[in-house]
Amino acid sequence: MTVFSFSEINAVDIFVFIFILYGSINISFKGDNYEPLIAIKWLSIIVIYFIFRLQTKRSKVIVMYFIIISGLVQCVMCLLQFASILTPNNSIFPITGSFTNPGHVGGYLAVSFSLAVSLLVNNKEHQSKNTRMFLAISAVMILGVILMSKSRAALLACAIAAIIIFYQSAYYGKCSSQMRCVFTFVAIVITLSSIVALYSIRPKSANSRVLIWRIGIGMIKDKPIFGGGVASFRSSYMYKQAEYFKIHKDSKFTLIANNNYQSFNEFIHITCEQGIVGLVILLSILFAAFFQQYSSVEKPALAALITVSCFLYVSDIPPILIMFPVLLALPYNAEKHRNIDLKRSKHIPLLLVTVAVSLAIVSFYIKEKYDIVRKDIISSYKLEWPLIKRNDKEYALMLHNKDFALRYASVSQEFGDVVYAINTLEDVRRYMPTGEMLSDLGDLYAEKGNERLAISNYWLAHYMIPSRIIPLYKLFLFYKKRGDIVDARRVAKIIISQHYSKVGSIVLRAKHEAKIYYFGSNN
């Protein structure tokens, strides 16, 4: 029996191993609320990395072209969706490709575009005329669809990739030091101007991300070294948002706050959950790959992926997430960079493929179970209640599915008694609390006669999303019903002065009643 030698493992391999080891320890000791699919996702990334790491130089080039071709497939889907031949996966948007959001498909296409242009510019000597034509047409087509997607992150990623490709070009290499300084200054100006211009396209959406990042940084300050644990961002964010608005009552972000479970920045996400230690290990991986191992072909694609990761929740978008282990495992100049020598270990690639298939089967099984129960909960009200009991083995697993958890919490109030509904909502809030959920909990505790918890949940729901009037209105009616004049007037004053994201009949009625009560007249 022969084994492979570790003598040719490179820096990226070492840092990837450290990151996986640290993450595994983090899951084991701190991730109380993590779902099993997260562990499977981590294992899948490991297997994908090593499968592509073991490929030959020729195979790695084929992988790059496959990424470009897959981008073209997404382009065709988007064009057919735009022409109303195919239906987008989200009715809100005209194009989504195989994703659920144009920002996601834009992020994927940004990597494909970067590879196409980089291969076109930096690999001329190994390409035929037809290949160069294919790459040029692919780059133009992909860029056109990125513009159609209106994905700001993707456009910025393409711009940064283009700047890197220029810096790697023969023309830049022949420039004098003075001209290089000029080009660097122009590149900085173009990048900053692009950021400002892209911000101005949809400032409300951009401000939403700024709010999330600001609160995310606050979460980092609470647990800076080791973070809150894997999957802690989703379960902790809304409480931190409530804490923020409790302190900053007049914040300009009040009207754009909403329920949220995503960081929209993977570096903030990693730091929140795995602390500065996790962030340093991740940056070490990228530094080793970008500055020590990568050739001129992969750098623009890696830069585009990093850029996209600064604005999207890449860890929850599998096709883009997979790009990280794939690109990290693709050093193009195989002669210059050492690869793991497995010539005498022919069974190991087969073993890795077997593990990958096994992980895929397990993931599919769990996902199918998610979907089956979720569809039953959402579509059927005639099932024997409860469909899943709180002490069932599947219950804890199902709570990690957002659609199931939120719907189950809602249905439990219709079918279950007050105590059961309270217990269910308390379970769900551990994983993904929402303002509406806390407001409903306030109702249930009020019905049960627990005034203290009713009041605390109403206030917490209000601070989570200050621009929603329902929690305040319920709190006003609660104080008014029990004859608490001082607190009822205090809440009435807030209702009157508060700005709301949407003004409908409920807002108008609540403000009218609050004015009557506060001013003691019909004015």
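What you are looking at is a predicted structure, and each value in this text was computed from that prediction instead of being measured.

**Student:** Give a detailed account of the overall build of the chain, specifying residues and quantitative values.
**Tutor:** Across its full length, the chain holds 23 helices and zero strands. In the chain, which comprises 523 residues, the proportion classed as buried is 49%.

**Student:** Mind laying out the packing of helix α4 (residues 102-122) against helix α12 (residues 298-309), listing which residues take part and the relevant values?
**Tutor:** Packed helices, taken two at a time, are described by their axes: the angle between them and the distance between them. The interhelical angle for the contact between α4 and α12, taken along N-to-C directions, is 160°, at an axis separation of 8 Å. Here α4 lies roughly antiparallel to α12, going by the angle between them. Here the hand of the crossing between α4 and α12 comes out right-handed. For the pair α4 and α12, the contacting residues are G107, A110, V111, S114, L115 and S118 in the first and P300, A301, A304, L305 and V308 in the second.

**Student:** Describe the state of the cysteines, with residues and values.
**Tutor:** This model, assessed by the stated rule, comprises zero disulfides. As a non-bridged cysteine, C75 has C78 as the owner of its nearest cysteine sulfur, 6.5 Å distant.

**Student:** Describe unusual backbone geometry, and please don't skip the residues or the numbers.
**Tutor:** The backbone of K150 shows a phi angle near 60°, a positive value even though the residue is not glycine. Tracing the sequence through the fold places K150 in the loop between α5 (129-149) and α6 (152-168). On the basis of relative accessibility, which here comes to 61%, the residue K150 falls in the exposed class. Positive phi, close to 75°, is recorded for A231, a residue that is not glycine. For A231, the location among the structural elements is in the loop between α9 (203-222) and α10 (232-247). A231 sits in the buried class, given a relative accessible area of 10%.

Analysis parameters
- Each chain carries its own residue numbering, running from 1 in the written order of its sequence.
- Confidence filtering applies because this is a predicted model: local features only for residues at pLDDT of at least 70, side-chain atom pairs given and counted only at 80 or more, and all residues used for totals across whole chains, interfaces and linings.
- With hydrogens and water excluded, all non-hydrogen atoms of the structure serve as input to the side-chain values.
- The helix count covers DSSP runs of H or I at least four residues long, the strand count covers runs of E at least two residues long, and both are numbered beginning at the N terminus.
- The buried label applies to any residue whose accessible area, calculated with a 1.4 Å probe on protein chains only, is under 20% of its type's maximum; exposed applies above 50%, and partly exposed to all values in between.
- To define axes, lines are fitted to C-alpha atoms, for helices over the stretch in contact only, and angles between the resulting N-to-C directions are given on a 0 to 180 degree scale.
- Working rule for angles: under 35 degrees goes down as roughly parallel, over 145 as roughly antiparallel, 65 to 115 as roughly perpendicular, anything else as oblique.
- A clockwise turn of the near helix away from the far one marks a right-handed crossing, whereas an anticlockwise turn of less than a right angle marks a left-handed crossing.
- Contacts are assigned to residue pairs that have any heavy atoms within 4.5 Å of one another.
- Cysteine sulfurs are considered disulfide-paired once they come within 2.5 Å of each other.

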